[in-house]
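# Working through the structure, step by step
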Amino acid sequence: MIDIQTLTLLPQDQLMLASTAESRALHRYRRLALSFLTYSTALSRQMAELGIACEQRLETLREAANDLGLGACVDGPEHPRARPTLVDSRGSFFIVDGELIDQALQQALAASLETHRLARRLLGANGTPELERPLRDYTYHKQLESGVLMHCYAAHQQLS
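A quick note: this is a predicted structure, and the numbers were derived from the prediction, not measured.

## Looking at the nonpolar core
- Grouped together as the largest cluster of nonpolar side chains are 20 residues, with contacts concentrated most on Tyr29, Leu32, Phe36, Met47, Leu105 and Leu149.
- Looking at this core, the elements with two or more residues in it are α1 (11-36), α2 (41-67), α3 (98-124) and α4 (129-159).
- If we skip the residues at most four places from it in the chain, methionine 47 touches Tyr29, Leu32, Ala33, Phe36, Leu105, Leu149 and Cys152.
- Residues Leu9, Ala21, Ala125 and Leu135 belong to the second largest nonpolar core, which totals 16 residues.

## Quick word on the pattern of salt bridges
- Under the counting rule described, the total for this entry stands at 7 salt bridges.
- The partner of arginine 57 in a salt bridge is glutamate 22, with the nearest N and O atoms 2.6 Å apart. Placement of the pair is arginine 57 in helix α2 and glutamate 22 in helix α1, with a sequence separation of 35 residues.
- By relative accessible area, arginine 57 is classed as buried at 9%.
- The partner of arginine 57 in a salt bridge is glutamate 145, and the shortest N-O contact between them spans 2.6 Å.

## A short note on the side chain of serine 146
- Tracing the backbone through its elements, the reader meets serine 146 in helix α4.
- In this structure the side chain of serine 146 is engaged in a polar contact, spanning 2.8 Å, whose partner is the side chain of serine 112.
- Setting aside chain neighbours within four positions, we find serine 146 in contact with Leu109, Ser112, Leu113 and His116.

## Some details on the packing of α1 against α3
- The geometry of α1 relative to α3 is characterised by a closest axis approach of 11 Å and an angle of 165 degrees between their N-to-C directions. As judged from the angle between their axes, α1 and α3 are roughly antiparallel. Between α1 and α3 lies a crossing whose hand is left-handed. Residues Gln14, Leu17, Ala18, Ala21, Arg28, Tyr29, Leu32 and Phe36 of α1 touch α3, and the partners they reach there are Ile101, Ala104, Leu105, Ala108, Ala111, Ser112, Thr115, Leu118 and Leu122.
- A breakdown of the residues in the contact of α1 with α3 according to their chemical character gives 13 nonpolar, 3 polar and 1 charged.

## Quick look at the side chain of glutamate 22
- Overall, glutamate 22 belongs to the buried group, its relative accessible area being 0%.
- Among all residues touching glutamate 22, those that are not within four sequence positions of it are Cys54, Arg57, Leu58, Tyr138 and Lys142.

## Comments concerning the environment of aspartate 102
- Positionally, aspartate 102 belongs in helix α3.
- Apart from residues lying up to four places away in sequence, aspartate 102 is in contact with Tyr153, His156 and Gln157.

## So, the environment of arginine 136
- Mapped onto the secondary structure, arginine 136 falls in helix α4.
- When its relative accessible area of 40% is taken as the criterion, arginine 136 is described as partly exposed.
- Sequence separation between arginine 136 and alanine 119 is 17 residues; the distance between their C-alpha atoms is 8.3 Å.

Rules of the game
Residues numbered from 1 in each chain as written. Predicted model: local features only at pLDDT ≥ 70, side-chain atom pairs only at ≥ 80, totals over all residues. Heavy atoms only, no water. Core = buried A, V, L, I, M, F, W, Y, C linked by side-chain atoms within 4.5 Å. Buried < 20%, exposed > 50% of the residue type's maximum accessible area, 1.4 Å probe, protein only. Helix = DSSP H or I, 4+ residues; strand = E, 2+ residues; numbered from the N terminus. Contact = heavy atoms within 4.5 Å. Salt bridge = Lys/Arg side-chain N within 4 Å of Asp/Glu carboxyl O. Polar contact = N/O pair within 3.5 Å; in protein donor to acceptor, adjacent residues only side chain to side chain. Axes fitted to C-alpha atoms, helices over the stretch in contact; angles between N-to-C directions. Parallel < 35°, antiparallel > 145°, perpendicular 65-115°, else oblique. Left-handed = near helix turned anticlockwise from the far one by under 90°. Nonpolar A, V, L, I, M, F, W, Y, C, P; charged D, E, K, R; others polar.

Below, the structure written as structure tokens:
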């Protein structure tokens, strides 16, 4: 397996990878915000806030891409590569009990940690000075996002 950290990626590749991951996260948090409505409005609001943060990060990535003349490399949330289905691996849409919350939070946390690892690798493989700050900020915010999800999961475990 090729380690992405040993490569210097082209800026368009970095932007595409980051924006695709962020678009997927945006859709995941939108879906979770709706799914949690039937069981926990607090978790629903938290997921909605994480989705809004994704929108802001996508906008920052778009601005960085436009500054480099690479605006077409940044996927929007409407791009087919970023569009998940509404029904996920649970087979249902609404979360109706604590076990489903547990499962949904575990999956969201795992996805967030994976995206944070990708962000760190993109930052490590960066060879474009103009992308240094956007990728550093992206990595930092993905770390914060993982921390929020860890807190949500731990809080739910204490209530269970």
